[in-house]
Amino acid sequence: MQFSVYQQTHIGGRKVNQDRMGYSFTRDALLLVLADGMGGHLAGEVAATITLQTLSMMFRMQAKPYVKKPERFLEEALNQAHWDILAYAEANKLPETPRTTVVACLVQHNCAVWAHCGDSRLYWVRRNQVLARTRDHSHLEYLIDRGKASEADRNTHPDRNKLWNCLGANQAPKVELSRQASLEPGDTLLLCSDGLWGMLPETEIVHRLSTSTIVQAVPDMVAMAAAIGGARADNTTALAITWQGAEAKDSLGPDVISTQMLPEDEVSSTITAGQPLPSGADAFDEDEIEKAIAEIREAIEKSSQLLK
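What comes next is a walk through the structure. Here the structure is a predicted model, which is why all the values come from computation and not from measurement.

## Focus: the environment of Val256
Structurally, the position occupied by Val256 is in strand E12 (residues 256-258). Classification of Val256 by relative accessible area gives buried; the value is 16%. Between the C-alpha atoms of Val256 and Thr242, which are 14 residues apart in sequence, the distance is 8.9 Å. Other than its neighbours up to four places away in sequence, Val256 contacts Gln2, Phe3, Ser4 and Gln244.

## Examining the packing of helix H1 (residues 44-62) against helix H2 (residues 70-91)
Two numbers describe how H1 lies on H2: the axes approach to 9 Å, and their chain directions differ by 135°. Comparing the axis directions of H1 and H2 gives the class oblique. With respect to the hand of their crossing, H1 and H2 are arranged in right-handed fashion. Of the residues in H2, those touching H1 at Val46, Ala47, Ile50, Thr51, Thr54, Leu55, Met58, Phe59 and Gln62 are Phe73, Glu76, Ala77, Leu78, Gln80, Ala81, Asp84, Ile85 and Tyr88. Looking at the contact of H1 with H2 residue by residue, the classes come out as twelve nonpolar, four polar and two charged.

## Points about the pairing of strand E4 (residues 100-108)
Along E4, nine of the nine residues are buried, which leaves the element largely enclosed by surrounding structure. What you see with E4 is no split at all: Thr100, Val102, Ala104, Leu106 and Gln108 on one side and Thr101, Val103, Cys105 and Val107 on the other are buried throughout. With nine bridges joining them, strand E3 (residues 29-37) and E4 adopt antiparallel strand pairing. Across the sheet, the residue bridging to Ala35 is Val102, located in E4. Both E4 and strand E5 (residues 111-117) contribute to a ladder of seven bridges, which runs antiparallel. Paired with Leu106 across the two strands is Val113, which belongs to E5.

## Regarding the side chain of Arg20
Structurally, Arg20 can be placed in strand E2 (residues 19-25). We classify Arg20 as buried; its relative accessible area is 6%. At a separation of 2.8 Å, a polar atom in the side chain of Arg20 contacts the main-chain carbonyl oxygen of Asn17.

## Structural notes on the packing of helix H5 (residues 202-211) against helix H6 (residues 214-229)
Relative orientation of the contacting elements H5 and H6 amounts to 150°, with a least axis distance of 8 Å. By the angle between their directions, the pair H5 and H6 is classed as roughly antiparallel. Every residue of H6 that contacts H5 at Glu204, Ile205, Arg208 and Leu209 is listed here: Ile214, Ala217, Asp220, Met221 and Met224.

## Quick word on the pattern of salt bridges
Under the counting rule described, the total for this entry stands at ten salt bridges. We note a salt bridge from Arg14 to Asp234, for which the minimum N-O separation is 3.3 Å. Placement of Arg14 in the loop between strand E1 (2-10) and E2 and of Asp234 in the loop between H6 and strand E11 (236-245) is noted, with a sequence separation of 220 residues between them. Here Glu184 makes a salt bridge to Arg126, at a shortest N to O gap of 3.5 Å. Taken together, the residues Glu184 in the loop between strand E9 (181-182) and strand E10 (188-192) and Arg126 in the loop between strand E6 (121-125) and strand E7 (130-133) connect sequence positions 58 residues apart.

Calculation rules
Residues numbered from 1 in each chain as written. Predicted model: local features only at pLDDT ≥ 70, side-chain atom pairs only at ≥ 80, totals over all residues. Heavy atoms only, no water. Helix = DSSP H or I, 4+ residues; strand = E, 2+ residues; numbered from the N terminus. Buried < 20%, exposed > 50% of the residue type's maximum accessible area, 1.4 Å probe, protein only. Contact = heavy atoms within 4.5 Å. Axes fitted to C-alpha atoms, helices over the stretch in contact; angles between N-to-C directions. Parallel < 35°, antiparallel > 145°, perpendicular 65-115°, else oblique. Left-handed = near helix turned anticlockwise from the far one by under 90°. Nonpolar A, V, L, I, M, F, W, Y, C, P; charged D, E, K, R; others polar. Pairing = 2+ DSSP bridges. Polar contact = N/O pair within 3.5 Å; in protein donor to acceptor, adjacent residues only side chain to side chain. Salt bridge = Lys/Arg side-chain N within 4 Å of Asp/Glu carboxyl O.

What follows is the structure in structure tokens.
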């Protein structure tokens, strides 16, 4: 299994970058995750961090070396991340539960399947054409589906930022799953936050991904979106892969990862937390978050054993 991968984030005009992104892979499977902490609630970056850590941990547990039931894995992993966020908020007595959107994609056996909650998006692009895109879980998307708003309203409608689905809310998330997508060499999968797609028209995104390598296209799109947003720009994050195939034979460039030589039980993970917080900003130690999650799970396990 071989693929090119590139990721980048920009803090925009915000004090804190609440976006998180990362990928994990074995010899036969690849997991991509992007989470956008919701700024209208306390500590969205905490919810996004917990989401990436939970999905990465579950991938390490189940990818042996591939995930046997990918759709079930994604649904269970996103729901587990939701409960981990709630447990963290309760254990740390936070006045409000942090919330985040998320999009995750699992690639194995030349096929991709993805899941999302909220308005973080996935684009599947092949030869200057969008084969699939996630549908935002927003009030505006609801209005567009029913003919009460138009596509032209996406960047200006007053309800464009109102979401009805996310992780960390009072109600359990509704995880939307894709169908299995058969990948061809050269296909590109882009995961991005609304800071990117909210500034760039889809035609521009497709053009960049189709005419440049992702090593060029991703930073160019992130920079362009941040520049358009100016002083009020949202956090802008993108994670993309170009699929090389299960048995690609071309010479490998510096941005291409080959999993052919990985031991069967080895998992490699890259979790990126975005740019460092500016001086004076409130910061949450991500090692402490991971430690807290482990302690919560241990307590839950002990309670379950006592009830048996």
